[in-house]
Amino acid sequence: MTLFRSMAIRMALVYILLICGFGYVARVLYDVQIARHGELFEKAQHTYTTRIETHGTRGEIFDFGGSLLVGNIPTMDIVGDPANIFILNGKDKDKTETECRLIADFFEKYCENVSSDEVFRRLSRRTFTTTDANGEKVERDCHYAVIATGVKYETAKMLRDKVKELSFHGVSFTSSYRRNYPKDTMLSNILGLTNFSADKFVPVQGIERSLNAAMTATSGSMVYERARNGRPVTFTNSSSEPTLDGYDIYLTIREPLQAIVEEELDHMCERVKPHAAWAILVDPKTGDVLAAAQRPTFNPNDRATMTPESSANRLSELAIEPGSIMKPFVVSYALDRGFVTPNSIVDCEQGVWKYAGRLLHDTHNVGKVSVTEVIKQSSNIGTAKISVMMGAKNLDNALRSFGFGQKTGIQLKPETSGIFRPLEKWDSLSVSRFCIGQGIAVSPLQLARAYCMIANGGYKVDLRIVDRIERGDDIRVMPVVRETKSIFTNPTTKKMITDMMIGVTEAGGTCTEAAIEGFHVAGKTGTAQKVINGAYSNRYYASFVGFVPAEDPKFVLLVTCDDPTVGSRYGGSASGPTFKAIAERALKYMYVQPQMSREEWLAERSAAQKALHERKVREDALVQARREARDRQLKEQQAKESAKKTGTTVASRRTTSSPSKSTTIRR
Amino acid sequence: MNQFTKKTNPAEAEPGTEPQKTHWVAGLIVKMAMMMFVIFIAFCARVHLNDKTEQLAREKARILEEIREKRTEIQTLVAKRESLRSWDNINKKINQYNLALRAVNPSQVRYMKRFEGQVAAPSQYGGDTRVADTSAGAALTSGGIQ
């Protein structure tokens, strides 16, 4: 009984213990599964869940035909894990130090710009001090030490194999990419460049900057539960946000034309040694910029060549006084509105004219000539007189209708709108100076656009440098923005002004050097004094702008030389030959058939030469006749005066001397 | 009525017969064993499938890595090709090998009719048939395209 009782007590005790045990377990389970479920679940999830950010690639830049201008080149970044190196070497300081030295020497040998001492210093730093959330300083293990960045892919691949072979611990290779400019200096001022900072591309200038939003890739992410080896566990929950690459940009630039322009610009720089030079080739119908080059320039792959001078984008940012290349705008407006006809006679005052108290000079002394000759001989006085005849309001309308004082619409930032004062701020001289390109500042792009308007019959067209943007099947074509109404009210205006401009490249014009065999070239020279510190200097912008073939232009080409130091400083001599060289090659590239045969062209040239000669002979004869008449008049006058004088002398002598002397004098 | 209730129904079961009781227990064990076997098979199949999936995932990761490597190599080659294609480089080669090359004379060129019946110079291909996205221009310059 006693035994049975004690058994019962023991059993009861065991039951109680078991119940207590189960109770405890239940309590813990309640705590873990219900009370602290959220906190613990989060903790666990944090341990085995990985979130990785995926980065797309930045959009690339191509020319119209798909030739790569700016691309991405794969590189690798090499990083070390100092804390891990220490652990993997059994926390042996000497062993770790030896390994760090070996790694540092190894990478110095194979990578550019890597210093062994610097890498050793970084790898030896096993811990770093940081401030935690409570503001207290704590020491943490250092798991990240940069050994080399932007290592070429092929080199990095070789290094990776060698690292594996040499069993270096704690060295890892991460893929990245850098911006690559395979065409080096070509179009570099327009394309711009990016810097790479904190795993991001920071656009600095050019298209890289103005179209940064479209080219930037959208980062994605992937959240997954990982296995012990770090790989995602496939049968568990995972989520991902897609990564989107940036849009690829296709420019309106044609690489072969760009190469032609760049090459000829280099030749011009060798010939006239200017401070700077630029050229721009535009399709007048669509406003497409086909080529745009400038000197000095820089190589974006070699930042050492980059200076403020060489990296400036003069085409869109520089505003200069254009000089005589403004004349066709004023004259075309005057022709269009009926102020003058091509044969109207303008007195160019033989090269000096005073207006509003200030003298205006011509380079060549010109007398009374037709409006056609005013353009052909680039008479400042003739143009100023036409402008004065039109009045300030009409001149303002004329220049504004050609887009001066406004941006060209090109997808380049920043872009200047030039300096063109509003009408109410004009002074008495403005009307005689703006028309010859003084007192007004315009950008090369504005000039090119304005000449496009003359070439296309007066239709205002926005310049385009981006043709389309593409991302996979998502293709967006940039529209051609062209006004449907011409600024010319008279349909013959275009022909009239074009004929005048053709005269510029013909015998007697200011730029016969720009004439191209087989084609009519319509153009205009410009030689503008540079304004330095608010005053006109002895330095010049020598420009030539024109379009070919004159009757149905395939392109408008502007060539400007900033301060030519060798040879002539005039637009015709400095920029004209380069215009010809570029235009000839561009016409060939575009397969434009000549308008006439060589014989016809030569005959036309010699006829123009003959006409000029005849006119000169006629003018010379006229001048000679005038001179003779003037001389005759002068002689007669002198004779009269001397006769008068003699008369008085004779009279006085008569009273004093013999009659024989007076007879002699009379004879 | 299932087999179990049928067998345990006192009305139908013959009282005091031991062999029938043994038969009932054995049947239950066999059925339990079969169920366990099915569960075991299902478990093994699941483990095998998981293993297979893991294996495939590893294979996929390896292939993706290979594709990535190949893409990287292609990108490197494209960059190299483009720099070799640059006019500067071609010009250098022309001078280096003294090649008698010159630009084609326009009179040597004849235009060909394309299938759509359009006539265009090669430099103008692509310019005629496309439709402009009028919204793209504004969005592009204002940075709205993403």
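Above this text is the structure in question.
Residues numbered from 1 in each chain as written. Chains lettered and ligands numbered in written order. Predicted model: local features only at pLDDT ≥ 70, side-chain atom pairs only at ≥ 80, totals over all residues.

1. A closer look at the overall build of chain B
The number of helices and strands found in chain B is four helices and zero strands. Of all 146 residues assigned to chain B, the portion counted as buried reaches 5%. (Helix = DSSP H or I, 4+ residues; strand = E, 2+ residues; numbered from the N terminus. Buried ≥ 20, exposed ≤ 12 C-beta atoms within 10 Å, placed from the backbone.)

2. Structural notes on the overall build of chain A
Broken down by element type, chain A carries 23 helices and 25 strands. Against the globule reference of 26 Å for 667 residues, chain A gives a C-alpha radius of gyration of 41 Å, more extended than a compact globule. C-alpha atoms of chain A, sized along the principal axes, occupy 200 × 55 × 55 Å. Across the 667 residues that make up chain A, the buried fraction comes to 43%. Within chain A, contacts between residues separated by at least 24 positions form 69% of all contacts whose residues are at least 6 apart in sequence. (Rg over C-alpha atoms; globule rule 2.2 N^0.38 Å. Contact = placed C-beta atoms within 7 Å.)

3. Looking at helix α10 (residues 255–272) of chain A
Its 18 residues place the ends of α10(A) 26 Å apart at the C-alpha level, agreeing with the 26 Å of an ideal helix rising 1.5 Å per residue. For α10(A), every residue scored as buried is listed here: A:E255, A:L257, A:Q258, A:A259, A:I260, A:V261, A:E262, A:E264, A:L265, A:M268 and A:V272. Packing partners of the buried residues in α10(A) comprise β13 (276–282), β14 (289–295), β25 (555–562), α20 (571–574) and α21 (576–589) of chain A together with α3 (87–96) of chain B. (Expected span 1.5 Å × (residues − 1).)

4. Focus: the nonpolar core
Residues and elements named next belong to chain A. I249, A279, I280, L281, Y451 and L557 are the most contacted members of the largest nonpolar core, which totals 133 residues. For this core, the element with the highest residue contribution is helix α18 (residues 444–455), accounting for nine residues. Apart from residues lying up to four places away in sequence, I249 is in contact with G59, I61, I207, L211, A214, M215, V466 and I469. In this structure, F86, A104, F107 and A156 belong to the second largest nonpolar core, which totals 20 residues. (Core = buried A, V, L, I, M, F, W, Y, C linked by C-beta atoms within 7 Å.)

5. Some thoughts on the sheet that holds β25(A)
Hydrogen bonds along the backbone pair up the strands of a sheet, which may run parallel or antiparallel. Residue and element names in this part refer to chain A. Strand order in this open sheet of five strands is β14-β13-β25-β24-β23, and the pairing throughout is antiparallel. Because the sheet does not close on itself, it has two edges, and the strands there are β14 and β23 (522–532). Along the sheet, successive strands turn relative to each other by an average axial angle of 10°, direction set aside. The pairing of β23 with strand β24 (residues 535–548) spans 10 bridges and is antiparallel. Looking at β24, one finds that A522 is bridged to F547. The strands touched by α10 within the sheet are β13, β14 and β25, with β14 carrying the most contacts at an inclination of about 30°. Along the sheet, α21 makes contact with β13, β23, β24 and β25, crossing β25 at roughly 150°. (Pairing = 2+ DSSP bridges. Axes fitted to C-alpha atoms, helices over the stretch in contact; angles between N-to-C directions.)

6. Structural notes on the pairing of strand β3 (residues 68–80) of chain A
Residue and element names in this part refer to chain A. When you tally the buried positions in β3, you get 11 out of 13 residues, the bulk of the element. Strand direction decides the pairing type here: strand β2 (residues 61–62) and β3, joined by two bridges, are antiparallel. By the bridge assignment, F62 is partnered in β3 with L68. Here β2 folds back onto β3 in antiparallel fashion, the turn holding five residues, of which G66 has a positive phi close to 95°.

7. Comments concerning the sheet that holds strand β11 (residues 238–241) of chain A
Residue and element names in this part refer to chain A. The antiparallel open sheet is built from three strands, whose spatial order is β1-β10-β11. For this open sheet the edge positions go to β1 (49–54) and β11, each flanked by a neighbour on one side alone. This sheet shows a mean twist of 10° between the axes of neighbouring strands, independent of strand direction. Sheet topology note: the strand β10 (residues 220–225)/β11 ladder contains four bridges and is antiparallel. Counterpart to V223 in the pairing with β11 is S239.

8. A closer look at the packing of helix α13 (residues 327–336) of chain A against helix α16 (residues 392–401) of chain A
All names here are of chain A. Between α13 and α16, the shortest axis-to-axis distance is 9 Å and the interhelical angle comes to 115°. Seen along the crossing, α13 lies across α16 with a hand that is right-handed. Residue-level contacts link F329, V330 and Y333 of α13 to N394, L395, A398 and L399 of α16. For the contact of α13 with α16, a count of residues per class yields six nonpolar, one polar and no charged. (Left-handed = near helix turned anticlockwise from the far one by under 90°. Nonpolar A, V, L, I, M, F, W, Y, C, P; charged D, E, K, R; others polar.)

9. Topic: the packing of α13(A) against helix α15 (residues 380–390) of chain A
Residues and elements named next belong to chain A. Remark: α13 packs on α15, axes separated minimally by 10 Å, with the N-to-C direction vectors making an angle of 45°. In this view, α13 runs oblique relative to α15, as classed from their interaxial angle. In this structure, α13 meets α15 at a crossing whose hand is left-handed. Each of K327, V330, V331 and A334 in α13 lies in contact with α15, whose residues at this interface are T383, I386, S387 and M390. Of the residues assigned to the contact of α13 with α15, the class counts are five nonpolar, two polar and one charged. (Parallel < 35°, antiparallel > 145°, perpendicular 65-115°, else oblique.)

10. What about unusual backbone geometry?
Residue and element names in this part refer to chain A. Of the consecutive residues R295 and P296, the connecting peptide bond is found in the cis state with omega at 0°. The topology assignment puts P296 in the loop between β14 and α11 (308–311). Although it is not a glycine, N113 adopts a positive phi angle of roughly 55°. Tracing the chain through its elements places N113 in the loop between α4 (93–110) and α5 (116–124). Non-glycine residue L187 carries a positive phi angle of around 60°.

11. Focus: the environment of A:I103
All names here are of chain A. Mapped onto the fold, I103 is located in helix α4. I103 gets classed as buried once you count the C-beta atoms within 10 Å, which come to 24. Taking the C-alpha atoms as reference, I103 lies 23 Å from P74; in sequence the two are 29 residues apart. When neighbours within four sequence positions are excluded, I103 is seen to be in contact with G80, V119, L123, F168 and V171.

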